Amino acid sequence: MQATWQDMAIDDSAKPMPSVRIYEGAARLKTPPLVLYLGGGAFQQSPLPATESPVARALANRGAVVVEADYGGEVRNTFPQAMEYVFKVLSCLSNRRKLFGSAKSSLFVAGQEAGGNIAAGVALKARDQIPGQLAGQLLLSPMIDPLMTSGSFRKASEIGMLQRWSEGWSHYLKSACGFSHPYAAPCLCSRLAGVAPALVMTAEDDPLRDEALGYAQRMAEAGVTVEQKILTAGQGWTDMYKGEGGAWIDVVCDGFAAFSSKLKH
């Protein structure tokens, strides 16, 4: 069934009302993981994209219930509005698990590229404001370093993303108090202890590889349970930046299934 955008009623103070897509598949588990998913787009994606997210659909087809939040609409991909907007959705899902999945569903936040940044920021805020409610975070090449100085980042121009990412960061942070806020640039956060367990995925030929792995390492050093997976080059991982799928999505789904099962047991 095609997932369609709909308004999520949270409370009277939630303005604008969040827009979400709910993905479910025929293989839905009895107690499905409940995943809040955030797509990519370098903080420049259009509101309410018509096409489904390949990652969100694949996770749903494997048994999860996936709720995709639009952070490119009225909050316009900017910090802190976008992050606060998504956090409201997360809090709603936490309080209404039975409505979306099961009362016993584990709650995850997942994001790719720019969505990975917001997912990581939301996970930090969840640790601070709703501790114990978030089971884990799935970060797919999170775009979390506004300095853009990592060794792997030199490959950004090879796939035509250097200018787009630079412009995206400028847009996301334009109304913020600088990128030093930990929710805006989680890789610069000095206090990572206690954040939800993380599965961080990237690829050998990914320009965002080094910043993703650097964040994973810093979380692990802070005592966070972290798993990381690095796909070999040539598997089409960077096609995600074009909104495309590929064989790598099966690796993501397999990794998430193993990760969520391990946390559950």
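Please read these numbers as outputs of a predicted model, since none were measured by experiment. (Residues numbered from 1 in each chain as written. Predicted model: local features only at pLDDT ≥ 70, side-chain atom pairs only at ≥ 80, totals over all residues. Heavy atoms only, no water.)

(A) Structural detail: the packing of aromatic side chains. Per the stated rule, a full pass over the model turns up 9 aromatic pairs. Members of the aromatic cluster, connected to one another through ring pairs, are Phe43, Phe79, Trp169 and Tyr172. Its end group placed over the ring of Phe87, Lys125 keeps NZ or CZ at 5.0 Å from the ring centre. (Phe/Tyr/Trp six-rings, centres within 6.5 Å; stacked < 30°, edge-to-face > 60°. Lys NZ or Arg CZ within 6 Å of the ring centre and 35° of its normal.)

(B) Seen up close, helix α7 (residues 248–264). The end-to-end C-alpha distance of α7 is 24 Å, a good match for the 24 Å that 17 residues give at a rise of 1.5 Å each. Among the residues of α7, Trp248, Ile249, Val252, Cys253, Gly255, Phe256, Phe259 and Ser260 are the ones counted as buried. In a view along the axis of α7, the buried residues occupy a sector of 165°, so they form one face of it. Against β3 (34–38), α1 (54–61), β5 (107–112), β6 (136–140), β7 (198–203) and β8 (226–231) lie the buried residues of α7. (Helix = DSSP H or I, 4+ residues; strand = E, 2+ residues; numbered from the N terminus. Expected span 1.5 Å × (residues − 1). Buried < 20%, exposed > 50% of the residue type's maximum accessible area, 1.4 Å probe, protein only. Arc of directions from axis to C-beta. Contact = heavy atoms within 4.5 Å.)

(C) Focus on unusual backbone geometry. The omega torsion across Phe79 and Pro80 is 5°, close enough to zero to call that bond cis. Of note, Pro80 is situated in the loop between β4 (65–69) and α2 (81–95). Not every positive phi belongs to a glycine, and Leu48 is a case in point at roughly 50°. Along the chain, the position of Leu48 falls in the loop between β3 and α1. Despite not being glycine, Ser141 shows a phi value in the positive range, around 45°. Of note, Ser141 is situated in the loop between β6 and α5 (162–172). The class of Ser141 is buried, set by a relative accessible area of 0%.

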